[in-house]
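Below are the chains, spelled out letter by letter.
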Amino acid sequence: MTAPSSTPASTPESTAASTAAGAARSSRVTGVGRLLIAVYGLLALAATGRSFVQIVAKFDEAPLSYSLSALAAVVYIVATVALIKSGGRWRRVAWITIGFEFVGVLVVGTLSLLDPELFPHDSVWSLYGRGYVFIPLVLPLLGMWWLSRTGKARP
Amino acid sequence: MIEWFTWLQLGVAGVAGLLCIVLGLAGRKPNDLTMGATALVELLLIVQLVVAIVAPFTGNTATGSVLEFYTYLISAILVPVAAVGWALIERSRWSTVILGVAGLGVFVMVYRMWQIWTVQGL
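Residues numbered from 1 in each chain as written. Chains lettered and ligands numbered in written order. Predicted model: local features only at pLDDT ≥ 70, side-chain atom pairs only at ≥ 80, totals over all residues. Heavy atoms only, no water.

*Asks:* In this structure, what is going on with the packing of helix H4 (residues 63–84) of chain A against helix H5 (residues 88–114) of chain A? I would like to understand it.
*Replies:* The relative placement of two packed helices is expressed as an angle between their axes plus a distance between the axes. All names here are of chain A. Contact pair H4 / H5: the axes reach a minimum separation of 8 Å and the direction vectors enclose 150°. The two elements H4 and H5 meet at a crossing, and its hand is left-handed. On H5, the residues that touch Leu-68, Leu-71, Val-75, Tyr-76, Val-78, Ala-79, Val-81, Ala-82 and Leu-83 of H4 are Trp-90, Val-93, Ala-94, Thr-97, Ile-98, Phe-100, Glu-101 and Val-108. Taken together, the residues of the contact of H4 with H5 sort by class into 15 nonpolar, one polar and one charged. (Axes fitted to C-alpha atoms, helices over the stretch in contact; angles between N-to-C directions. Helix = DSSP H or I, 4+ residues; strand = E, 2+ residues; numbered from the N terminus. Left-handed = near helix turned anticlockwise from the far one by under 90°. Contact = heavy atoms within 4.5 Å. Nonpolar A, V, L, I, M, F, W, Y, C, P; charged D, E, K, R; others polar.)

*Asks:* Sorry if this is basic, but what is going on with the packing of aromatic side chains here?
*Replies:* For any pair of aromatic rings, geometry is given as the distance between the ring centres together with the angle between the planes. Inspection of every chain in the model, using the stated rule, returns six aromatic pairs over all chains. Residues Tyr-40 of chain A and Tyr-76 of chain A carry aromatic rings whose centres are separated by 6.3 Å and whose planes lie at 50° to one another, so their mutual orientation is tilted. Of this pair, Tyr-40 of chain A sits in helix H3 (residues 32–58) while Tyr-76 of chain A sits in helix H4, and the two are 36 residues apart along the sequence. The pair formed by Tyr-40 of chain A and Tyr-76 of chain A is uniform in burial state, with each residue classed as buried. Summarising the aromatic geometry, the rings of Phe-69 of chain B and Tyr-70 of chain B are spaced 5.4 Å apart at their centres and angled 85° between planes, so their arrangement reads as edge-to-face. (Phe/Tyr/Trp six-rings, centres within 6.5 Å; stacked < 30°, edge-to-face > 60°. Buried < 20%, exposed > 50% of the residue type's maximum accessible area, 1.4 Å probe, protein only.)

*Asks:* Teacher, can you tell me more about a nonpolar patch on the surface here?
*Replies:* Residue and element names in this part refer to chain A. Judged by side-chain polarity, Leu-64, Val-103, Val-107, Leu-111 and Leu-118 come together as a nonpolar surface patch covering roughly 400 Å² of accessible area. Here the element with the most residues in the nonpolar patch is H5; it accounts for three residues. With respect to the element layout, Leu-118 can be found in the loop between H5 and helix H6 (135–151). (Patch = residues over 30% accessible without salt bridge, like charges linked within 9 Å, V, L, I, M, F, W, Y side chains within 5 Å. Areas by Shrake-Rupley, 256 points an atom, 1.4 Å probe, with all protein chains shown as cover. Salt bridge = Lys/Arg side-chain N within 4 Å of Asp/Glu carboxyl O.)

*Asks:* How do you make sense of the UniProt feature "transmembrane region" (unreviewed entry) in chain B when you look at a structure like this?
*Replies:* In this numbering, the UniProt entry assigns the feature "transmembrane region" (unreviewed entry) to residues 6–27, 39–57, 69–89 and 96–114 of chain B. From the first C-alpha to the last, residues 39–57 of chain B spans 28 Å; its make-up is 84% helix and 0% strand. (UniProt positions renumbered as here; feature names shortened; annotations may be inferred.)

*Asks:* Just to check I follow, could you spell out the pattern of salt bridges for this structure?
*Replies:* Opposite charge on two side chains permits them to pair, given that their charged atoms come into close proximity. Going through the model one piece at a time under the given rule, you end up with two salt bridges over all chains. The salt bridge partner of Glu-90 of chain B is Arg-34 of chain A, with a shortest N-O separation of 2.7 Å. Linking Glu-90 of chain B in the loop between helix H3 (66–89) and helix H4 (93–118) with Arg-34 of chain A in helix H3, this pair reaches from one chain into another. Taking the relative accessible area as the measure of exposure, Glu-90 of chain B reaches 19% and is therefore buried. Glu-68 of chain B is the salt-bridge partner of Arg-112 of chain B, the closest N and O atoms lying 3.4 Å from each other.

*Asks:* What is the right way to look at the confidence of the model for chain A in this model?
*Replies:* Do not read the predicted coordinates in detail wherever pLDDT is low. All names here are of chain A. Taken as a whole, chain A shows an average pLDDT of 76; of its residues, 74% reach a score of 70 or greater. Within chain A, no element has a lower average pLDDT than helix H1 (residues 12–16), which sits at 42, and none a higher one than H5, at 88. pLDDT under 50 marks residues 1–25. Its contacts with residues more than four places away, or in other chains, come to 17 contacts. (pLDDT = per-residue confidence, 0-100.)

*Asks:* Looking at this model, I keep getting lost on the layout of surface pockets. Mind explaining?
*Replies:* Computed from the structure, the largest pocket encloses a volume of approximately 800 Å³. Within the residue set of the lining of the largest pocket, elements represented by two or more residues are H3 of chain A together with H3 and H4 of chain B. No other element matches the eight residues that H3 of chain A contributes to the lining of the largest pocket. For the lining of the largest pocket, the residue count by class is 16 nonpolar, five polar and five charged. (1 Å grid on protein atoms, 1.4 Å probe; cavity = no way out; pocket = protein on both sides within 12 Å on 5 of 7 lines; lining within 4 Å. Points joined across faces, edges and corners; volume = space filled by probe spheres on them.)

*Asks:* Is there a simple way to explain the interface of chain B and chain A in this structure?
*Replies:* Where interface size is quoted, it is often the accessible area lost as the parts come together. In this assembly, twelve residues from chain B lie in contact with 14 residues from chain A. Summed over both sides, the interface of chain B with chain A buries roughly 1400 Å², with 80% coming from carbon and sulfur. On the chain B side of the contact with chain A, Leu-67, Trp-86 and Trp-94 of chain B bury the most area, a combined 38% of that side's loss. Taken together, the links from chain B to chain A amount to one salt bridge. Inspection of the region where chain B meets chain A yields one residue pair in polar contact (both at pLDDT 80 or more). The set of elements that each furnish at least two residues to the side of chain B that touches chain A consists of H3 and H4 of chain B. Top element by residues in the side of chain B that touches chain A is H3 of chain B. It accounts for six residues. The residue inventory of the side of chain B that touches chain A, partitioned by class, reads seven nonpolar, three polar and two charged. (Buried area = accessible area lost by both parts, 1.4 Å probe. Polar contact = N/O pair within 3.5 Å; in protein donor to acceptor, adjacent residues only side chain to side chain.)

In structure tokens, the structure reads:
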């Protein structure tokens, strides 16, 4: 993996920001973290597109499922942005949004199994995200693992 | 959609995706081969867009939601552009893997588009 030190210390961003934020930025955004951000971006795009179609074309059929889809899409977008951005506040936003996703996929996934009537139409999180090859279930775990790992690098 | 063209597109997107992921994990930086393969995926998407616009006039209409079809198609068109843009800015092995993720993402989206076009009314 690329060492964080490969980023020049004198980039405009790191001199402008505090040293701690600069370190967190370079360690979080380089290497395999890039891949995580890219997959988050792709999922955000997929969730946004799907909920756009659901709300425009057939919102009345399943308001609960489709509202959840829209909420999930917004949360994925915020999580993607938070992973890209640096600084303590965005880091907290990343934790909150990724944690929310994980709780969401567990709760909605379990409810959709126990009581299929509750979610008659698929949302991103129905059946633990089966419609998205379980990426919504796995991605928050990778995200939290990544955040905790890079967190140790902070002074 | 035209059936043979769709299978061709699925084949190219799948092969390009796997190729880029393998080469990326092997440590290659984005090069002409991997970015070219992703560009080819993009080119076929543009052709697909033209096909989708023209096909209904020849009696080849979508059986499913046209809105959903175009949402997938427009989203898919954005994906390789973003991935290649990333690869040009960030020249690391992970950018090559991201090119592969983009290819596989397009694969899934084209497959969904094919389902929307052909097998509705389940």
